[in-house]
Amino acid sequence: MKKFFLALAVLLGCAVVANASNYSINDSDIDALIACAEETPSLDIDSFDLAAASSASSSAVISEKSDAVALVLCFLVGGFGVHRHYMGTSPAMWALYTFTFGGIFGIVPFVDFIVMLIDLVEDNGFGAYYGNTKFFMWA
């Protein structure tokens with residue numbers, strides 16, 4: 001209980017220190033910043049290939065996901081299903097994890113962590129788990 005009140009006091013202290021009335025705007029500095037800014041070239045919409053851009057962006061999104069980040073998320077906040085959201089499952093998966101008291105009292109995120117750790121050690125990768133919509137992602 002002491003930790004809760006300490007955390008609450010720290011949070012309130014940060015809120016008081018970060019009060020917006022403590023800050024001021026210097027209009028001359030903002031005008032100087034705008035005067036020094038460079039204009040970026042405009043995008044030519046007519047020559048833009050939408051199909052190539054969408055296929056490139058979808059492959060880039062998959063490659064941006066890190067297996068190590070998913071593993072750390074599972075370890076830290078696995079009971080809320082954040083690692084599953086990161087891996088691209090259905091948006092309601094966090095609700096299933098949360099409302100089953102941390103994924104059946106923490107059993108599901110624990111098994112998720114063990115399975116992902118084994119796949120990481122064996123260099124299999126998590127490819128089978130990305131976009132997986134099943135509650136038990138390993139099944």
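The rules behind these values
- Residue numbers restart at each chain and count upward from 1, following the sequence in its written direction.
- Under the rules for a predicted model, residues below a pLDDT of 70 receive no local features and side-chain atom pairs below 80 are neither given nor counted, while totals for whole chains, interfaces and linings still include all residues.
- For the side-chain quantities, the full set of heavy atoms in the structure was used; hydrogens and water were omitted.
- Strands are runs of DSSP state E lasting at least 2 residues, helices are runs of H or I lasting at least 4, and numbering of each runs from the N terminus.
- Each residue's exposure class comes from its accessible area (1.4 Å probe, protein chains only) as a fraction of the maximum for that residue type: buried when under 20%, exposed when over 50%, partly exposed otherwise.
- Whether two residues touch is decided by their heavy atoms; if any such pair falls within 4.5 Å, the residues are in contact.
- Areas reported here follow the Shrake-Rupley algorithm with a probe of radius 1.4 Å; residue values treat only the protein chains shown as occluding.
- What is meant by a nonpolar core is a set of buried Ala, Val, Leu, Ile, Met, Phe, Trp, Tyr and Cys residues, joined one to another through side-chain atoms within 4.5 Å.
- It is the directions from the helix axis to the C-beta atoms that the arc portrays.
- In protein, a polar contact means a hydrogen-donor-capable atom and an acceptor-capable atom, both N or O and within 3.5 Å, with residues adjacent in sequence counting only if both atoms are side-chain atoms; elsewhere, any N or O pair within 3.5 Å suffices.
- Any two of the Phe, Tyr and Trp rings considered here, Trp counted by its six-membered ring, make a pair once their centres fall within 6.5 Å; the pair's planes then place it as stacked at under 30 degrees, edge-to-face at over 60, or tilted in between.
- Per residue, pLDDT captures the predictor's confidence, and it can take any value from 0 to 100.
- Like charges are joined within 9 Å and nonpolar side chains (Val, Leu, Ile, Met, Phe, Trp, Tyr) within 5 Å, but only among residues with over 30% relative accessible area and no salt bridge; these make up the patches.
- Salt bridge, as applied in this entry: a Lys or Arg side-chain nitrogen positioned within 4 Å of an Asp or Glu carboxyl oxygen.

Take the overall build of the chain next. Scanning the chain from terminus to terminus reveals 7 helices and 0 strands. Within the chain, the fraction of its 139 residues that count as buried is 19%. Sequence separation of at least 24 residues holds for 57% of the intrachain contacts in the chain that already meet a minimum separation of 6. Surface summary for the chain: the accessible area is close to 10400 Å², and the carbon and sulfur share equals 70%.

This part is about the side chain of N132. Tracing the backbone through its elements, the reader meets N132 in the segment after helix 7 (107-121). Those residues in contact with N132, other than ones at most four positions away along the chain, are R84, T89 and M137.

With that out of the way, let us pick up the nonpolar core. Nonpolar side chains in soluble globular proteins tend to be buried together. Residues A70, L71, C74, M87, F113, V115, M116, F126, Y129 and M137 constitute the largest nonpolar core, which totals 10 residues. The set of elements that each furnish at least two residues to this core consists of helix 4 (67-77) and helix 7. Setting aside anything within four residues of it in sequence, one finds A70 in contact with H83, Y86, M87, M116 and F126.

Here we come to helix 4. Along helix 4, the positions that sit buried rather than exposed are A70, L71 and C74. Buried residues of helix 4, viewed axially, fall in a sector of 100°; they line one side. Where helix 4 is buried, its residues contact helix 5 (82-86) and helix 7. Capping the start of helix 4 is the job of one residue whose side-chain oxygen sits 3.3 Å from the backbone nitrogen of A68: S66.

Think of a pair of aromatic rings as described by two things: how far the centres are apart, and how the planes are tilted against each other in angle. Tallying each qualifying case throughout the model produces 6 aromatic pairs. Note on F75 and F113: the rings are 5.5 Å apart at their centroids and 45° apart in plane angle, and the pair reads as tilted. In this pair, F75 is assigned in helix 4 and F113 in helix 7, connecting sequence segments 38 residues apart. Relative accessible area serves as the criterion here: at 60%, F75 is assigned to the exposed category. Exposure remark for F113: the relative accessible area of 18% places this residue in the buried category. Within the aromatic cluster, the residues linked to one another by ring pairs are Y97, F135 and F136.

Do not read the predicted coordinates in detail wherever pLDDT is low. Averaged over all residues, the pLDDT of the chain equals 77, while 76% of them reach at least 70. Per-element confidence in the chain is highest for helix 4, whose mean pLDDT is 88, and lowest for helix 3 (residues 50-64), whose mean pLDDT is 52. Within the model, the stretch residues 57-63 combines pLDDT values under 50 with 0 contacts to residues more than four positions away or in other chains.

Now for a nonpolar patch on the surface. Judged by side-chain polarity, M1, F4, F5, L8, L11 and L12 come together as a nonpolar surface patch covering roughly 690 Å² of accessible area. Note that F5 resides in helix 1 (residues 2-17). By relative accessible area, which is 48% here, F5 ends up partly exposed.

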